[in-house]
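Residue-level structural notes
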Amino acid sequence: MPKAFRPIGIFDSGIGGLTVARAISKRFPQHPLIYFGDTAHLPYGEKSPELIQHYAARITRELVDLGCGAIVIACNSASSNALKEVRSIAGASIPVIDVIQPVVEAVAQRFEGQSIGVIGTRATIDSGWYQRLLQERGCRVKAKATPLLASAIEEGFHAGKVSSTLIEAYLTKGAFDGIKALVLGCTHYPLISQEILSLLPEGVEVIDSADSVARALSDLSDDFAMGESDSQNPGLRRFIVSDLTRSFQLGAERFFGSPVILEERKLSGQA
Ligand code: DGL
């Protein structure tokens, strides 16, 4: 078989990880991408660490079996609760990039010693992972779980009354007084970043992980995804979901502004 770029495997519970996939696809136009949305099991943010580990491990197995040469966990809930499990399945030869460490690195470089806000799902905030990593890098952290946001976004509620009311309820009452930047610790949230920004005091920056993650991937050795591959189509994008849902279909099409062909693939053991 000829040498070619092996696909980059990217996964999330739903459409949120597409924000990361888009940044990766811009930086790696030659690489095929395989996106896995675990629509049968979202939201991850309300699941226990054990269940998130279970799903993340099964998706990783699928992506490895599909020949992926690198895996991106485009989900903060899985990055903070299942990184070890994903790494152990990917093995030493397939690099794994999570969405938290690259953004922490970028934030720490710019805001050392300053106060940083983080919003994310319950699973992410309760894991304490952002708080620990940012504190280790000398930042003060104000973290808050914003549990309803990801489901609302998945259902198509952004740039409207519902999302504004929710964001307002989460961001007001002084929870983030004095912060210099607010990290969007959920890959769904970039879809409402303008609304979030408009409710923060002037001068506070809103930071998402997409570009930092794409950069972290490009910091890997050039041939991280080179290998024998039967892919004839370098720029191929595949979108796989564990349950063919209308909300994912509409969300993905709204996101890309063009029709998206979805494949359904049940995870092993899934009913
Ligand atoms: N987009 C995901 C995250 O970054 C998951 C949201 C969810 O399924 O609750 O945490």
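Up top is the structure.
What comes next is a walk through the structure. (Residues numbered from 1 in each chain as written. Predicted model: local features only at pLDDT ≥ 70, side-chain atom pairs only at ≥ 80, totals over all residues. Heavy atoms only, no water.)

1. Here we look at the site of the ligand
Formally: A cutoff of 4 Å decides nearness: a residue is near a molecule or strand if any of its heavy atoms lies inside that distance of it. Any pair of nitrogen or oxygen atoms within 3.5 Å is treated as a polar contact; in protein, a donor-acceptor pairing is required on top of that, and neighbouring residues in sequence qualify only through side-chain atoms on both sides. Accessible surface area values rest on a Shrake-Rupley calculation with a 1.4 Å probe, where residue burial reflects the displayed protein chains alone. Residues are grouped as follows: Ala, Val, Leu, Ile, Met, Phe, Trp, Tyr, Cys and Pro are nonpolar; Asp, Glu, Lys and Arg are charged; every other residue, Gly included, is polar.
If you check the shell around the ligand, you find 13 residues, and the closest are Ser13, Tyr44, Asn76, Ser77 and His188. Here a nitrogen atom of the ligand and a side-chain polar atom of Asp12 are 3.1 Å apart. The side chain of Ser13 places a nitrogen or oxygen atom 2.6 Å from an oxygen atom of the ligand. Across the complex, the protein chains shield 98% of the 300 Å² of accessible surface that the ligand would expose by itself. Split by residue class, the shell around the ligand holds five nonpolar, seven polar and one charged.

2. Remarks on the side chain of Ser77
To keep things clear, this is the line we draw: A helix here means a DSSP run of H or I that spans at least four residues, while a strand means a run of E at least two residues long, and both kinds are numbered starting from the N terminus. Contacts: residue pairs with any heavy atoms within 4.5 Å of one another.
By secondary structure assignment, the location of Ser77 is in helix H3 (residues 76–90). In this structure, Ser77 is in contact with Tyr44, Gly45, Ile52, Thr121, Ala123 and Thr124, ignoring residues within four places of it in sequence.

3. Considering the packing of helix H1 (residues 18–27) against helix H11 (residues 246–256)
We apply this condition: For helices, the fitted line uses only the C-alpha atoms of the stretch in contact; every axis is such a line through C-alpha atoms, and the angle between N-to-C directions lies from 0 to 180 degrees. Angle categories: roughly parallel below 35 degrees, roughly antiparallel above 145, roughly perpendicular from 65 to 115, and oblique for all the rest. Two helices cross in a left-handed way if the nearer one is turned anticlockwise from the farther one by less than a right angle. They cross in a right-handed way if the turn is clockwise.
The contact between H1 and H11 brings their axes to 11 Å, and the two run at 40°. In terms of their interaxial angle, H1 and H11 are classed as oblique. As H1 packs across H11, the resulting crossing turns out to be right-handed. Across the interface between the two elements, Leu18, Thr19 and Arg22 of H1 pack against Ala252, Phe255 and Phe256 of H11.

4. Things to note about the packing of aromatic side chains
Condition: Ring geometry is summarised as follows: Phe, Tyr and Trp rings, the Trp one being its six-membered ring, pair when their centres sit within 6.5 Å, and such pairs are stacked at plane angles under 30 degrees, edge-to-face over 60 and tilted between the two. Here's how the labels work: a residue is buried when its accessible area is under 20% of the maximum for its type, exposed when over 50%, partly exposed in between, all with a 1.4 Å probe on protein chains only.
Across all of its chains, the model carries five aromatic pairs by this definition. Ring centres of Tyr35 and Phe239 lie 6.2 Å apart, and the angle between their planes is 50°; on these two criteria the pair is classed as tilted. Here Tyr35 is found in strand E3 (residues 33–37), whereas its partner Phe239 is found in strand E11 (residues 237–241), with 204 residues between them in sequence. In this pair, the class of Tyr35 matches that of Phe239, namely buried. Tyr35 sits in the buried class, given a relative accessible area of 1%. One aromatic cluster is present, formed by Tyr35, Phe239, Phe248, Phe255 and Phe256 through successive ring pairs.

5. Digging into the sheet that holds strand E9 (residues 205–207)
Rules: For two strands to pair, DSSP has to find at least two bridges joining them.
Strand order in the open sheet formed by four strands is E7-E6-E8-E9, and the pairing between neighbours is parallel. The two strands at the open ends of the sheet, each matched to only one other strand, are strand E7 (140–145) and E9. Averaged over all pairs of adjacent strands, the angle between their axes in this sheet comes to 20°, without regard to strand direction. Across six bridges, strand E6 (residues 115–120) lies against E7 in parallel orientation. Residue pairing for E7: Ser115 is matched across the bridge by Arg140. Sheet strands in contact with helix H4 (residues 101–111) are E6, strand E8 (181–185) and E9, and its direction is about 155° off that of E9.

6. Regarding unusual backbone geometry
A cis amide bond links Leu42 with the next residue in sequence, Pro43, at an omega value of 0°. Looking at the secondary structure, you find Pro43 in the loop between E3 and helix H2 (49–65).

7. Notes on the environment of Gly185
With respect to the helices and strands, Gly185 occurs in strand E8. In sequence terms Gly185 and Ile89 are 96 residues apart; their C-alpha atoms lie 24 Å from each other. When residues no more than four places from it in sequence are discounted, the contact partners of Gly185 are Asn76, Ile119, Gly120, Thr121, Thr124 and Tyr130.

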